[in-house]
Amino acid sequence: MVLLALLCVSAGTPFESIYYLRDTNGSLTIDEVKNATFTSTSSDNLGAENGTYWFKIDDITADREILELKSSHVSYLELYDSNGKELNIMKDTRFPSYFLVKRNLEFPLYLKANFPLEAYFPIHLSDESSFASNEKRSLLSIGFFYGTAIALIVAILVFYFIVRNTQFLFFAFLVFAVLLSILTKDNVLYLFGVSSDISTSLEIFGHYLVGLSATGFMLFYLKVRPHQLWIKYLMLIISGLSTLFLIIYFATQNIISFTGVDITSISTVILMWVLMLMIAKGPRKTILILVYSIDILFLADYFILHIFNLSFINYTPAQVAIAASLNFTLIAILLLASFKDIQRKGVLMKQKLMFQVQELKELSAYKNVQDADDNYMESLIYQYDLENMEVRILNDISKGLSNEMIALKHSLSDDKLQQLTTSLYSKLGLDNGTDLQELSF
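To start, this report covers the structure provided alongside it. (Residues numbered from 1 in each chain as written. Predicted model: local features only at pLDDT ≥ 70, side-chain atom pairs only at ≥ 80, totals over all residues. Heavy atoms only, no water.)

### Side note on unusual backbone geometry
Okay, step 1: For the bond from F107 to P108, the omega torsion is 5 degrees, close enough to zero to count as cis.
Okay, step 2: Here P108 lies in the loop between β8 (97-101) and β9 (109-115). (Helix = DSSP H or I, 4+ residues; strand = E, 2+ residues; numbered from the N terminus.)

### Re a nonpolar patch on the surface
Okay, step 1: A contiguous nonpolar surface patch, about 360 Å² in accessible area, is contributed by I150, V154, V158 and I162.
Okay, step 2: Considering the arrangement of structural elements, one finds V154 in helix α3 (residues 128-163).
Okay, step 3: The class of V154 is partly exposed, set by a relative accessible area of 47%. (Patch = residues over 30% accessible without salt bridge, like charges linked within 9 Å, V, L, I, M, F, W, Y side chains within 5 Å. Areas by Shrake-Rupley, 256 points an atom, 1.4 Å probe, with all protein chains shown as cover. Salt bridge = Lys/Arg side-chain N within 4 Å of Asp/Glu carboxyl O. Buried < 20%, exposed > 50% of the residue type's maximum accessible area, 1.4 Å probe, protein only.)

### Regarding the packing of helix α4 (residues 166-185) against helix α5 (residues 196-221)
Okay, step 1: The geometry of α4 relative to α5 is characterised by a closest axis approach of 8 Å and an angle of 155 degrees between their N-to-C directions. In terms of axis orientation, α4 runs roughly antiparallel to α5. For the element pair α4 and α5, the recorded crossing hand is left-handed. The segment α4 lies against α5, with T166, Q167, F170, F173, L174, F176, A177, V178, L180, S181, T184 and K185 engaging S199, L202, E203, F205, G206, H207, L209, V210, S213, F217 and Y221.
Okay, step 2: Residues that form the contact of α4 with α5 fall into these classes: 13 nonpolar, 8 polar and 2 charged. (Axes fitted to C-alpha atoms, helices over the stretch in contact; angles between N-to-C directions. Parallel < 35°, antiparallel > 145°, perpendicular 65-115°, else oblique. Left-handed = near helix turned anticlockwise from the far one by under 90°. Contact = heavy atoms within 4.5 Å. Nonpolar A, V, L, I, M, F, W, Y, C, P; charged D, E, K, R; others polar.)

### Observations regarding the sheet that holds strand β3 (residues 39-41)
Okay, step 1: Spatial strand order, β3-β2-β4-β9-β6-β7: 6 strands in an open sheet with antiparallel pairing. Looking at strand neighbours, the two that pair on one side only are β3 and β7 (86-87), the edges of this open sheet.
Okay, step 2: Relative to β7, strand β6 (residues 75-80) is paired through 2 bridges, and the arrangement is antiparallel. Note that in β7 the partner of Y80 across the bridge is E86. (Pairing = 2+ DSSP bridges.)

### A look at helix α7 (residues 255-279)
Okay, step 1: Relative to the 36 Å expected for 25 residues at 1.5 Å per residue, α7 spans 36 Å between its end C-alpha atoms, a close match to the ideal helical length.
Okay, step 2: If you check the start of α7, you find a side-chain oxygen 3.1 Å away from the backbone N of I256, and it comes from N254. (Expected span 1.5 Å × (residues − 1). Polar contact = N/O pair within 3.5 Å; in protein donor to acceptor, adjacent residues only side chain to side chain.)

### Thoughts on the environment of L386
Okay, step 1: Residue position: L386 is located in the loop between α9 (317-384) and α10 (388-398).
Okay, step 2: Sequence separation between L386 and K427 is 41 residues; the distance between their C-alpha atoms is 7.8 Å.

### Overview of the pairing of strand β4 (residues 51-57)
Okay, step 1: For β4, the buried fraction is high: 6 of the 7 residues fall into the buried class.
Okay, step 2: Summarising the sheet, strand β2 (residues 18-23) and β4 pair through 5 bridges and their orientation is antiparallel. When the bridges of β4 are listed, Y19 appears paired with K56.
Okay, step 3: Inspection of the sheet shows β4 paired to β9 by 7 bridges, in the antiparallel sense. Within β9, the residue paired with I57 across the bridge is L109.

### Some remarks on the environment of I237
Okay, step 1: Structurally, I237 is set in helix α6 (residues 229-252).
Okay, step 2: Assessed through its relative accessible area of 53%, I237 is described here as exposed.

### Considerations on the side chain of T52
Okay, step 1: Looking at the secondary structure, you find T52 in strand β4.
Okay, step 2: T52 gets classed as buried once you look at its relative accessible area, which sits at 14%.
Okay, step 3: A distance of 3.3 Å separates polar atoms of two side chains, one belonging to T52 and the other to N114.
Okay, step 4: Apart from residues no more than four positions distant in its own chain, T52 is found in contact with L21, R22, D23, G26, K112, A113 and N114.

### Thoughts on the packing of aromatic side chains
Any pair of aromatic rings gets described here by the distance separating the centres and the angle formed by the planes.
Okay, step 1: If you walk through the whole model with that rule in mind, you get 15 aromatic pairs.
Okay, step 2: Seen from their ring centres, Y20 and F121 are 6.3 Å apart, and the 35 degrees between their planes marks the pair as tilted. With Y20 in strand β2 and F121 in the loop between β9 and β10 (123-127), the pair connects residues that are 101 residues apart, well separated along the chain.
Okay, step 3: With a relative accessible area of 17%, Y20 lands in the buried category.
Okay, step 4: Ring geometry for Y249 and F258: centres 5.6 Å apart, planes at 65 degrees, overall edge-to-face. The same class applies to Y249 as to F258, namely buried.
Okay, step 5: The ring of Y19 is capped by K56, whose NZ or CZ atom sits 5.9 Å from the centre of that ring. (Phe/Tyr/Trp six-rings, centres within 6.5 Å; stacked < 30°, edge-to-face > 60°. Lys NZ or Arg CZ within 6 Å of the ring centre and 35° of its normal.)

Okay, structure coming up:
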């Protein structure tokens, strides 16, 4: 984690004060802007006051510097010098950047940018070596962090194909949703030429998937008791609203619907958190309170409060990466614990099945013996033309019952029993009861 933090540290120097001009209609020309009055601010976030802005850069320190606008929610950039010459934007960078050569420019410079969501404009200047070093660390951190996340998704899918437990598919879906949200917020797609509009659409879709995964987890994996059904129905309603906000955003691209998706998605996560706390018991409950409290605080601050310039933690990219890595690590630990639990249950189930199979074999053997005895008795009956009472007496004698017990069982007098046994001996061609027992067995 320390390595990741060092890799993600941003180089470049932010402006102590930024001079900006809000272009309400987005129609000002460079000549009009040069004669306009700019406002100074020490903050690089004006919250929901989105739209088109002009920024004035009075000068640079070194002869050659790089100007970066480290925001993922910016589009339609233009940079002019005082002579009205437009500068070309650099390619293959993580954030919109311009290469400035002091002797070739007439200062001040004027940067035009459109902010469709929050007016967040962290403008940084850095020399060539610092910029190159930062880009290398940035690319290395991207490979490390996102490589780890992708490896985790692959591992989860491998676990699923091994044990065929759909809970692993849910974990993979959750990691993918979080990864998509951070990937777009981190402006990685800009490296591959993806436009800001598409990247922002993917970002809000990732936020929506996080909320959807919370609702799905509640529906398929949590045992909701009758007195907790209100949480279930409320989550379904909020998920429906989130879907509606997402559709509206795709149609209108406005900040209200974007914020609506974020608020509803985080609300479903909070409700899932409340429901899990109501169900959980013992030490696990304490761990859930700690982990989910941090997660919800992070989500609310990073994705909602930041838009309105109400963020009180001010996460850096390094902190975001570390927080996500810790969550991925926790998921991996839970997966391993779940995998071991499934293995343990599998062993117990296998032992139980083996025991049941053995019982079935013993019962089958006993049944075969009984069937053989019954078949033999039936052959005696048909072969010697025995009467019903003679069959009963034959069965009792085969069991070793005495004459007194047989007579009492069938309510027979001694004379009647003697008559029936004599007839039975005669039909079977036997001399006494001992021979009859041997014949029966």
